[in-house]
Amino acid sequence: MKTKPTSIWKSVRIGLLTVLVLVVFAYGFQITQVDLTELRSEQRQESLRRVLRALAKPDLFAYEQEEVIATAPLFIPCPSEESLAALPAPDATNPYMVITPACAEPEGTVQVEGFNFYPNAKGPLRFVPGSDPANTVTLGNGIAITDAQGHFLATLELPDRPSDEVQYLRATIRRNLGALPKLTETAYSTWDKIVETVFLALLATAIGTVLAIPLSFMAARNLMAAVRSPLASISLSVLGWPVGMVIGFLAARWVGALGEPLASSLLANLAAVVIAPLGAWQALRWALPQEELTPPGTGIRLARALLIAFAALALLFALFQLAALAMNLGSLLEDLLASFGFLGGFLYQIGEILRLTTPVLAALAAGGALSSQLSRMGQHYSERAPARLVKAFNLVVTAAAGATILGLLGLLIDALYQIGEPSFTLWIPMAVGAISGLVLAAMVKPKDTLPNGMFIYTITRTILNFTRSVEALVMAIVFVIAVGIGPFAGVLALGLHTIVSLGKLYSEQVESILPGPLEAVDATGANRLQTIIYAVVPQIVPPFISYTMYRWDINVRMSTIIGFVGGGGIGFLLQQNINLLNYRAAAAQMLAIAVVVAAMDYISSYLRQRVV
Amino acid sequence: MLQVSNLTKIYAGGVKALDRVTFEVPDGQFLAVIGLSGSGKSTLLRCINRLVEPTEGQIVWNGEDITAATPEEMRRIRRRFGMVFQHFNLVSRSSVITNVLAGRLGYVNPAWSLLNRFPHQDVEKAMRQMERVGIADKAGQRADELSGGQQQRVGIARALMQDPEMILADEPVASLDPVLAHSIMKHLEEINQQDGVTVLCSLHFLDLVHRYADRVIALNEGQLVFEGLPTEIDDQKFKEIYGRDAERVG
């Protein structure tokens, strides 16, 4: 074998590359202002030492203390003889101090002797400027340490504070009470806030997980790539969403108003909560037979649709009554349970949430139901009707769908930018939408299917990626404005960030499932939803749990700093104490964060091992 | 009667997996499909229930054009084709009984099945099918706790739940040892002979073909190169099917 001689060019290239790397790092040093001389400065080192010492002593425990204070008069500089003689003699029955000499030049030295103090105790011995012995401002950093007889002797350097009037020295001697130190105020407030932090993370994770799951299916290529529908079906489902949502919302409002008279009575609530779902259940049992081999006739299908609608209304009614029940019971319990009143409060809040979200849920459910029903009808029609008719139908519904989408977008833009000119924000967009719909319908062959699954996939992915790139901290700023300073804003911000990041992580897991079971369930004649439930969900349970744990972990860590922008949790305290230079308190909060994060890490890895 | 005519499948990359394949399967026949790996056996079986969308050609089953069926019709057709896979394709984290009941998904009401509720008679039927293939005692276990042979029985029970008129078996014994292979093949034979279910089964080993199949078709690079009785495969035919350098084993 012949060894190739190293080419001169190769050496030059490597040399140039090395120089380039060096230049890049040199520039990096300049940009990031690496400066170690600063570290050597006396002043910095002194501050650093002080802060590190404070951080090493988190403000968690302290003895309860009692103190005695004694003041002694002093002249700077020495006045006339008579003013000196006019000084009162110290009261020897109480703790007192004797200063020798009783007057001195500025920056001179005096000797201070104290009597009758606590034995074996210590405390600051300070100069009190001005003529008021009770002045809270003190100068110097002398310390007095008493012996077993409660006597001390100290030398004190005086500050440069000349005055004609009498000034004072003050000794504050403290001793600890009790054998053991007690938890400090800081410890209590830190505990409060760390509990808030953990629950903030818990709620955000729960909300995020629930909403991320359906999103992740929409962002999974392997599930969405197979979804193709004819144009009529797509357009009808687009039309179905807004119409269905309006119908659902109105129905929910109507049912809510219907139940209003019952709302205040606990018994009526209870009865309604039991009876309405039972009725709905019976109706559904009849309307949705478990198995049928031949498709039913039109009359029966209509009757079934009506029954299902009735059952939906009954369920809505039950939901409203459940909300009222929870609120009534909650406010009752809040008074009854005394110190466990927060359970009642919780129940009340759940009721409130239910009452607020029921119309939204109804709107979403009705929108989804109508849209899927219309889409199925569109599919059916495209398959059966002659091509010419389908083409005409496509032209109409696609134009309507285009007009609806752009019209709604226009309304959104008007709401955001307050243009207030309907011809710009409504009529022109609707016309443009209708025309693009017409063009699309004219171009597409009437019986062709379009990849609407990939369209939804792309949109979902884009939204996920864009939203994910906004830090939760930034989201918190917006939510603080929306719902006010406090942990709720933090929950919403972290929750939103959890939705989008879990949505992406989950969808990647969905994309990596084994295709075999999917194929097998498909081959039995199952529909898409059944395939997802029977072949996809069992496969993704372990990674979903694992990612959810991981996210909870992240959320606990994030919730410790979300308070920096007013999102609640311990971050608020931490930032406040850092700004107040109260490093011992800040150290207590940092310690709490470290303990919680480490504990979470341990618990989540344990749970992951057990569950997955 | 299944009639396949001029069936062609060209994959997205331009690979021609099936090239104008034409054959018929009378009701109740046990038809073996042989050929080298990559000769198009799997694609052929998957085209029949349209897990793979054919590019051209026609598949007619009892007078119904499968290639022209709408998605809704296709679901109704699929539920009468049981399918058995080489790698069993069970949902490994679900219980055996859930895997077997999944065979019923084309029949039950979707809304109830999403809540994992199956009619009483379906659950009983599942127990009967599991008894039939000898895994009734495994009903509550997770599918991945079973051995390969047991997993394939679950696969067969799942196919039986569909009340199939035809079973498409894609190399059902290729990942099993010879003893297990025979026991699985015997189950398929029994289903074929007792229930009168047509079986389309792709196989690798010619002794299995001789032992179980009524008729054989052979594919080579997507083309039908042989159609006839198992006994008609002599050394000459063998080399045509498997190529000049092939040696007979087993």
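Quick caveat, the model's predicted, so the values are computed rather than measured. (Residues numbered from 1 in each chain as written. Chains lettered and ligands numbered in written order. Predicted model: local features only at pLDDT ≥ 70, side-chain atom pairs only at ≥ 80, totals over all residues. Heavy atoms only, no water.)

Trainee: Honestly, the overall build of chain A in this entry has me stumped. Any pointers?
Mentor: Broken down by element type, chain A carries 19 helices and nine strands. Taken against the 2.2 N^0.38 rule, which gives 25 Å for 612 residues, the C-alpha radius of gyration of chain A at 38 Å runs more than 25% over that of a compact globule. Expressed as lengths along the three principal axes of its C-alpha atoms, the size of chain A is roughly 125 × 95 × 60 Å. Within chain A, the fraction of its 612 residues that count as buried is 37%. Counted over contacts in chain A with a minimum sequence separation of 6, partners at least 24 positions apart contribute 78%. Total accessible area on chain A is roughly 35,500 Å²; 68% of this is exposed by carbon and sulfur atoms. (Helix = DSSP H or I, 4+ residues; strand = E, 2+ residues; numbered from the N terminus. Rg over C-alpha atoms; globule rule 2.2 N^0.38 Å. Buried < 20%, exposed > 50% of the residue type's maximum accessible area, 1.4 Å probe, protein only. Contact = heavy atoms within 4.5 Å. Areas by Shrake-Rupley, 256 points an atom, 1.4 Å probe, with all protein chains shown as cover.)

Trainee: Please clarify how the confidence of the model for chain B should be interpreted in this entry.
Mentor: The predicted coordinates of low-pLDDT regions are not to be read in fine detail. Per-residue pLDDT for chain B averages 90, and the proportion of residues at 70 or more is 99%. Predicted complex metrics record ipTM = 0.92 and pTM = 0.74. (pLDDT = per-residue confidence, 0-100.)

Trainee: Honestly, the pattern of salt bridges in this entry has me stumped. Any pointers?
Mentor: Side chains that differ in sign of charge can pair as their charged atoms come close. This model, assessed by the stated rule, comprises 27 salt bridges over all chains. The partner of R46 of chain B in a salt bridge is E519 of chain A, with the nearest N and O atoms 2.3 Å apart. Remark: E519 of chain A occurs in helix α16 (residues 515–523) and R46 of chain B occurs in helix α1 (residues 41–48); the pair is interchain, linking two chains. Classification of R46 of chain B as buried rests on a relative accessible area of 12%. Where E190 of chain B meets R132 of chain B, a salt bridge forms, and the shortest distance between an N and an O atom there is 3.2 Å. (Salt bridge = Lys/Arg side-chain N within 4 Å of Asp/Glu carboxyl O.)

Trainee: Could you clarify how one ought to interpret the state of the cysteines in this entry?
Mentor: As used here, a disulfide is simply a covalent bond connecting the sulfur atoms of two cysteines. Across all of its chains, the model carries one disulfide over all chains by this definition. Across the disulfide from C78 of chain A sits C103 of chain A; the S-S distance is 1.8 Å. Handedness of the C78 of chain A-C103 of chain A disulfide follows from its S-S torsion of about 90 degrees: it is right-handed. With a gap of 25 residues between them, C78 of chain A in the loop between β1 (61–74) and α4 (81–85) and C103 of chain A in the loop between β2 (96–100) and β3 (109–115) connect regions that are remote in the sequence. Between C47 of chain B, a free cysteine, and C201 of chain B, which holds the nearest cysteine sulfur, the sulfur-to-sulfur gap is 18 Å. Residue C47 of chain B is classed as buried on the basis of its relative accessible area, which comes to 0%. (Disulfide = S-S within 2.5 Å.)

Trainee: Even after reading the chapter, I still don't get unusual backbone geometry, so can you show me in this structure?
Mentor: Trans is the prevailing form of peptide bonds, just as negative phi is the prevailing case for residues other than glycine. All names here are of chain A. Here the amide bond leading from I76 into P77 is cis, since omega sits at -15 degrees, within 30 degrees of zero. Its location among the elements puts P77 in the loop between β1 and α4. Residues T100 and P101 are joined by a peptide bond in cis, for which omega reads -10 degrees. Mapping P101 onto the fold places it in the loop between β2 and β3.

Trainee: It is not clear to me how the sheet that holds strand β6 (residues 152–157) of chain A should be interpreted in this structure. Could you clarify?
Mentor: All names here are of chain A. Across the sheet, three strands lie side by side as β2-β3-β6; this open sheet has antiparallel pairing. In this open sheet, the two strands that pair with only one neighbour each are β2 and β6. Within this sheet the neighbouring strands show an average axis-to-axis angle of 25 degrees, counted without direction. In terms of strand pairing, β3 meets β6 through six bridges, oriented antiparallel. (Pairing = 2+ DSSP bridges. Axes fitted to C-alpha atoms, helices over the stretch in contact; angles between N-to-C directions.)

Trainee: Looking at this structure, I do not really get the packing of aromatic side chains. What am I missing?
Mentor: Given two aromatic rings, one states the distance between the centres and the angle between the planes to describe the pair. Tallied over the entire structure, the rule returns eight aromatic pairs over all chains. Between F117 of chain A and F152 of chain A, the aromatic rings sit 5.4 Å apart at their centres with planes inclined by 45 degrees, giving tilted as the arrangement. Of the two residues, F117 of chain A is situated in the loop between β3 and β4 (122–128) and F152 of chain A in strand β6; the sequence distance between them amounts to 35 residues. Here F117 of chain A matches F152 of chain A in class, with each residue buried. Their ring planes at 40 degrees and their centres at 4.8 Å tell us that F238 of chain B and Y242 of chain B sit as a pair that is tilted. (Phe/Tyr/Trp six-rings, centres within 6.5 Å; stacked < 30°, edge-to-face > 60°.)

Trainee: Even after reading the chapter, I still don't get the nonpolar core, so can you show me in this structure?
Mentor: Soluble, globular proteins show a tendency: their nonpolar side chains are buried together. Formed by 70 residues in total, the largest nonpolar core has its most connected members in V536 of chain A together with I34, I167 and M185 of chain B. Each residue touching I167 of chain B, except ones within four places of it in the same chain, is listed here: G82, V84, A159, L188, I191, V197, T198, V199 and L200 of chain B. L44, M74, I77 and L219 of chain B belong to the second largest nonpolar core, which has 30 residues in total. (Core = buried A, V, L, I, M, F, W, Y, C linked by side-chain atoms within 4.5 Å.)

Trainee: I keep staring at the interface of chain A and chain B and nothing clicks. Help me out?
Mentor: How large an interface is tends to be reported as the accessible area lost when its parts come together. Contacts between the two partners involve 32 residues from chain A and, on the opposite side, 39 residues from chain B. Regarding the contact of chain A and chain B, the summed buried area is about 3,200 Å², with carbon and sulfur atoms giving 57% of it. Counting across the interface, chain A meets chain B through two salt bridges. With its nearest N and O atoms 3.4 Å apart, the salt bridge here joins E73 of chain B to R384 of chain A. At the junction of chain A with chain B, the criterion picks out ten residue pairs in polar contact (both at pLDDT 80 or more). (Buried area = accessible area lost by both parts, 1.4 Å probe. Polar contact = N/O pair within 3.5 Å; in protein donor to acceptor, adjacent residues only side chain to side chain.)

Trainee: Explain the pairing of strand β4 (residues 56–61) of chain B to me, please; I cannot follow it from the model alone.
Mentor: Along any regular strand, the residues point their side chains to alternate faces of the sheet. All names here are of chain B. In the sheet, strand β1 (residues 2–10) pairs with β4 via five bridges, with the strands oriented antiparallel. Residue S5 lies in a different strand from β4, and its bridge partner there is Q58. Bridge count between β4 and strand β5 (residues 64–65): two bridges; the pairing is antiparallel. Paired with V60 across the two strands is D65, which belongs to β5. What sits between β4 and β5 in their antiparallel hairpin is a turn of two residues, with N62 showing a positive phi close to 50 degrees.

Trainee: In this structure, what is going on with the packing of helix α11 (residues 387–417) of chain A against helix α12 (residues 422–443) of chain A? I would like to understand it.
Mentor: Packed helices, taken two at a time, are described by the angle between their axes plus the distance between the axes. Residue and element names in this part refer to chain A. It is the contact of α11 with α12, at a shortest axis distance of 6 Å, that shows an interaxial angle of 150 degrees. Here α11 lies roughly antiparallel to α12, going by the angle between them. Remark: the crossing between α11 and α12 carries right-handed chirality. Counting all contacts with α11, which are made through K391, N394, L395, T398, A399, G402, A403, L406, G407, G410, L411 and D414, the residues of α12 involved are T425, L426, P429, M430, V432, G433, A434, G437, L438, L440, A441 and A442. (Parallel < 35°, antiparallel > 145°, perpendicular 65-115°, else oblique. Left-handed = near helix turned anticlockwise from the far one by under 90°.)

Trainee: How should I be thinking about the packing of helix α7 (residues 231–259) of chain A against α11 of chain A in this particular structure?
Mentor: All names here are of chain A. At their nearest, the axes of α7 and α11 sit 9 Å apart, and the two run at 40 degrees to each other. Between α7 and α11, the angle falls in the class oblique. In terms of crossing hand, the pair formed by α7 and α11 is left-handed. Judged by residue contacts, L231, A232, S235, L236, V238, L239 and P242 of α7 engage F393, N394, V397, T398, A400, A401, T404, I405 and L408 from α11. Across the contact of α7 with α11, the residue classes break down as twelve nonpolar, four polar and no charged. (Nonpolar A, V, L, I, M, F, W, Y, C, P; charged D, E, K, R; others polar.)

Trainee: Is there a simple way to explain the sheet that holds β1 of chain A in this structure?
Mentor: Across a sheet, paired strands are connected by hydrogen bonds in the backbone, their directions being either parallel or antiparallel. Residue and element names in this part refer to chain A. Ordered by their spatial adjacency, four strands build an open sheet running β1-β7-β4-β5, and the pairing between neighbours is antiparallel. Edge strands, defined here as strands with exactly one partner in the open sheet, are β1 and β5 (139–145). Between one strand axis and the next, the sheet turns through 25 degrees on average, direction left out of account. In the sheet, β4 pairs with β5 via five bridges, with the strands oriented antiparallel. When the bridges of β5 are listed, P124 appears paired with I143.

Trainee: Teacher, can you tell me more about the pairing of strand β6 (residues 81–84) of chain B here?
Mentor: All names here are of chain B. Residues F81 and M83 of β6 are buried on one face, and the alternating residues G82 and V84, pointing to the opposite face, are buried as well. One ladder, built from four bridges, connects β6 with strand β7 (residues 166–170); its direction is parallel. Bridge pairing links M83 to L168 in β7.

Trainee: Please explain the environment of P517 of chain A as it appears in this structure.
Mentor: Take P517 of chain A: it is sitting in helix α16. Using a relative accessible area of 4% as the deciding quantity, one classes P517 of chain A as buried. Once the C-alpha coordinates of P517 of chain A and Q539 of chain A are considered, the two residues, 22 residues apart in sequence, prove to be 9.3 Å apart. Leaving out residues up to four positions away in the same chain, P517 of chain A has contacts with A535 and Q539 of chain A together with N89, L90 and V91 of chain B.

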